[in-house]
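Residues per chain are reported as follows:
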Amino acid sequence: MSSYVAATASFKSALSELGEDPLSANYDSMVAGDDVQSCEDELARDKAQIPGITTRNNYGKLYSAIASVVTNHLPQIYILTSCMYNHK
């Protein structure tokens, strides 16, 4: 399943971008969710019912949603923490 490989690559990309570019990390975390959904769509198209993969896909969508929310708030967190530490 190429969409599983794509989702894994998107998650890894998001992780590597956290410190330098939170907006790209946010985008990649959302793309990972789209990749997971593509996997679900492939299974449905092939009429394949594989509970273990469906469970993993559900976790992947959940992790993507969580990562998206967290990375969406990183720019604000960076601004707040830099103000806190630079203000004396």
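Note that the structure is a prediction, hence the values are computed from the model and not measured. (Residues numbered from 1 in each chain as written. Predicted model: local features only at pLDDT ≥ 70, side-chain atom pairs only at ≥ 80, totals over all residues. Heavy atoms only, no water.)

**Quick look at the packing of helix H1 (residues 2-17) against helix H2 (residues 22-45)**
Next up, step 1: Their axes nearest at 8 Å, the elements H1 and H2 cross at an angle of 165 degrees. Judged by the inter-axis angle, H1 sits roughly antiparallel to H2. The element H1 and its partner H2 pack so that their crossing is left-handed. Taken together, the residues of H2 that come into contact with H1 (itself represented by Ser2, Ser3, Ala6, Ala7, Ser10, Phe11, Ser13, Ala14 and Glu17) are Pro22, Ser24, Ala25, Asp28, Ser29, Val31, Ala32, Asp35, Val36, Ser38, Cys39 and Glu42.
Next up, step 2: In the contact of H1 with H2, the residues fall into 10 nonpolar, 7 polar and 4 charged. (Axes fitted to C-alpha atoms, helices over the stretch in contact; angles between N-to-C directions. Helix = DSSP H or I, 4+ residues; strand = E, 2+ residues; numbered from the N terminus. Parallel < 35°, antiparallel > 145°, perpendicular 65-115°, else oblique. Left-handed = near helix turned anticlockwise from the far one by under 90°. Contact = heavy atoms within 4.5 Å. Nonpolar A, V, L, I, M, F, W, Y, C, P; charged D, E, K, R; others polar.)

**What about the packing of aromatic side chains?**
Next up, step 1: Applying the stated criterion across every chain yields a total of 1 aromatic pair.
Next up, step 2: Ring geometry for tyrosine 59 and tyrosine 63: centres 6.0 Å apart, planes at 20 degrees, overall stacked. Here tyrosine 59 and its partner tyrosine 63 are both found in helix H3 (residues 51-86), 4 residues apart, which amounts to about one turn of the helix.
Next up, step 3: Taking relative accessible area as the criterion, tyrosine 59 reaches 45% and is therefore assigned partly exposed. (Phe/Tyr/Trp six-rings, centres within 6.5 Å; stacked < 30°, edge-to-face > 60°. Buried < 20%, exposed > 50% of the residue type's maximum accessible area, 1.4 Å probe, protein only.)

**A few points about a nonpolar patch on the surface**
Next up, step 1: There is a patch of nonpolar side chains on the surface, built from Tyr59, Leu62, Tyr63, Ile66 and Val70 and spanning about 500 Å² of accessible area.
Next up, step 2: Taking the relative accessible area as the measure of exposure, valine 70 reaches 44% and is therefore partly exposed. (Patch = residues over 30% accessible without salt bridge, like charges linked within 9 Å, V, L, I, M, F, W, Y side chains within 5 Å. Areas by Shrake-Rupley, 256 points an atom, 1.4 Å probe, with all protein chains shown as cover. Salt bridge = Lys/Arg side-chain N within 4 Å of Asp/Glu carboxyl O.)

**Overview of the confidence of the model for the protein chain**
Next up, step 1: Here the protein chain averages 85 in pLDDT, and 83% of its residues register 70 or above.
Next up, step 2: When the elements of the protein chain are averaged for pLDDT, H3 gives the smallest value, 80, and H2 the largest, 92. (pLDDT = per-residue confidence, 0-100.)

**What about the side chain of aspartate 28?**
Next up, step 1: Tracing the sequence through the fold places aspartate 28 in helix H2.
Next up, step 2: Beyond its immediate stretch of four places on either side in the chain, aspartate 28 contacts Ser10, Ser13, Ala14 and Glu17.

**Details of the environment of asparagine 57**
Next up, step 1: Structurally, asparagine 57 can be placed in helix H3.
Next up, step 2: Under the relative-accessibility criterion, asparagine 57 is labelled buried at 5%.
Next up, step 3: C-alpha separation for the pair asparagine 57 and glutamate 40, spaced 17 residues apart in sequence, amounts to 7.0 Å.
Next up, step 4: Each residue touching asparagine 57, except ones within four places of it in the same chain, is listed here: Val36, Cys39, Glu40 and Leu43.

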